[in-house]
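Commentary on secondary and tertiary structure
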Amino acid sequence: MAEVVILPDREAAGMLAAGAIAELVARKPDAVLGVATGSTPLPVYRALTRLRLDLSRIRAFALDEYVGLPLEHPQSYHSVIEREVTAPLGLEPAQVAVPGDGPIEAASEDYERAIAAAGGVDLQLLGIGTDGHIGFNEPGSSLASRTRIKTLTEQTRRDNARFFAAVDDVPRHCITQGLGTIREARHLVLLAFGDEKADALAAAVEGPVTASLPGSVIQLHPRVTVLVDEAAGSRLVHADYYRYVYANKPDWQRL
Ligand code: F6R
């Protein structure tokens, strides 16, 4: 079972996730982090920046990137990761990889090879889409999928229109780590905030494991932490039990 922690707000969740990363890096200075874009992980990056850790030996791999947007576009995930992760954390650009570099035909396999060459991802940060996607694995994605080109749902394009002038400016395609790729990370940390995520989050954590709700693949993983605010956790059937488990967590047990 995933460890589900219901927190008062997203800043508290950000601090917990940053704390888990700090512990990991203390144990393994050359740890490999999986980073996400969008609004959800921002409190983690803010908290991590405040910790002023020595991150000079880590590597980071982003989950996904739009296809059809110039890499220098302010909303490309290359730009977003540079702005939200690489620069504030004082990382060298060479430490951080985002899929979609080079010819698109080779980009997916190249990215898989790069993750493998780095020794795999130690801790993967994840957000979840209102349609249940993780990475950009939209409903119907194979639970065994690898990094590849996908077509975004209209729902995802509408959700992400807030980053663009108009919904028509949101690309239709993306390159994303597959669900099989994401599952190989050694620790998954899924965050969700706000009422609009409550249904997808409850389905991912407590619903059937199904390609129709790609986030449900986390149930097949041996080490998952789910950090939510009250609103995103409001549709969890077993919320009281998760609160009880966390309140009685032994001191020796890490996240
Ligand atoms: C982003 C990603 C997506 C987002 C999801 C939620 O790299 O992989 O799965 O995590 O679309 O987006 P936000 O956080 O903006 O609500």
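The coordinates are above.
Described in the following lines is the structure provided in the data block. Keep in mind that this is a model prediction, so the values were computed, not measured.

1. Examining the sheet that holds strand S8 (residues 173–176)
Reading across from one edge, S4-S8-S7 is the order of the three strands in this open sheet, with antiparallel pairing throughout. The two strands at the open ends of the sheet, each matched to only one other strand, are strand S4 (64–67) and strand S7 (148–151). Taking the axes of each pair of neighbouring strands and ignoring which way they run, one obtains an average angle of 30 degrees across the sheet. Relative to S8, S7 runs antiparallel, the two being bridged by four bridges.

2. Here we look at a nonpolar patch on the surface
Judged by side-chain polarity, Met1, Tyr241, Tyr244 and Val245 come together as a nonpolar surface patch covering roughly 480 Å² of accessible area. Tracing the sequence through the fold places Met1 in the segment before strand S1 (3–7).

3. Examining empty space enclosed by the protein
Inspection of every chain in the model, using the stated rule, returns one cavity of 30 Å³ or more. Estimates place the volume of the largest cavity at around 40 Å³. Along the walls of the largest cavity sit Ile21, Leu33, Val35, Tyr45, Leu48, Ile58, Ala60, Val85, Leu89 and Leu91, which together make up its complete lining. Mapped by element, the contributors of at least two residues to the lining of the largest cavity are strand S2 (32–35) and helix H2 (42–51). Across the lining of the largest cavity, the residue classes tally to 10 nonpolar, no polar and no charged.

4. Quick notes on the nonpolar core
Residues Leu125, Leu191, Val226 and Leu236 are the most contacted members of the largest nonpolar core, which totals 79 residues. Ranked by residue count, the leading element in this core is helix H1 (residues 10–27), at eight residues.

5. Some details on the environment of Arg59
In this structure, Arg59 sits in strand S3 (residues 59–62). We classify Arg59 as partly exposed; its relative accessible area is 32%. Remark: the alpha-carbon pair of Arg59 and Val121, spanning 62 residues in sequence, is separated by 8.9 Å. Filtering out sequence-adjacent residues up to four positions away, Arg59 remains in contact with Ala31, Val32, Leu33, Ala94, Gln95 and Ala118.

6. Side note on the site of the ligand
What surrounds the ligand is a group of 15 residues, the closest being Thr37, Thr40, Asp64, His133 and Gly135. Between the ligand and Gly135, the relevant distance is 2.7 Å, taken from an oxygen atom to a main-chain nitrogen or oxygen of the residue. One of the side-chain N or O atoms of Arg162 is found 2.8 Å from an oxygen atom in the ligand. When the free accessible area of the ligand is taken as 410 Å², the share hidden by the protein chains comes to 94%. Residue composition of the shell around the ligand, grouped by class: four nonpolar, eight polar and three charged.

7. Describing the pattern of salt bridges
Taken as a whole and assessed by the stated rule, the structure comprises 12 salt bridges. Between Glu109 and Arg113 there is a salt bridge; the shortest N-O distance is 4.0 Å. Of this pair, Glu109 and Arg113 both sit in helix H4 (residues 104–117), separated by four residues, roughly a single helical turn. In this structure, Arg146 engages Glu184 in a salt bridge whose closest nitrogen and oxygen atoms are separated by 2.9 Å. Of this pair, Arg146 sits in the loop between strand S6 (123–126) and S7 while Glu184 sits in the loop between helix H6 (179–183) and strand S9 (187–192); the two residues are 38 residues apart in sequence, bridging distant segments of the chain. The network of salt bridges with common partners includes Lys28, Asp122 and Arg186.

Quick notes on the rules
- Residues numbered from 1 in each chain as written.
- Predicted model: local features only at pLDDT ≥ 70, side-chain atom pairs only at ≥ 80, totals over all residues.
- Heavy atoms only, no water.
- Pairing = 2+ DSSP bridges.
- Helix = DSSP H or I, 4+ residues; strand = E, 2+ residues; numbered from the N terminus.
- Axes fitted to C-alpha atoms, helices over the stretch in contact; angles between N-to-C directions.
- Patch = residues over 30% accessible without salt bridge, like charges linked within 9 Å, V, L, I, M, F, W, Y side chains within 5 Å.
- Areas by Shrake-Rupley, 256 points an atom, 1.4 Å probe, with all protein chains shown as cover.
- Salt bridge = Lys/Arg side-chain N within 4 Å of Asp/Glu carboxyl O.
- 1 Å grid on protein atoms, 1.4 Å probe; cavity = no way out; pocket = protein on both sides within 12 Å on 5 of 7 lines; lining within 4 Å.
- Points joined across faces, edges and corners; volume = space filled by probe spheres on them.
- Nonpolar A, V, L, I, M, F, W, Y, C, P; charged D, E, K, R; others polar.
- Core = buried A, V, L, I, M, F, W, Y, C linked by side-chain atoms within 4.5 Å.
- Buried < 20%, exposed > 50% of the residue type's maximum accessible area, 1.4 Å probe, protein only.
- Contact = heavy atoms within 4.5 Å.
- Near = heavy atom within 4 Å.
- Polar contact = N/O pair within 3.5 Å; in protein donor to acceptor, adjacent residues only side chain to side chain.

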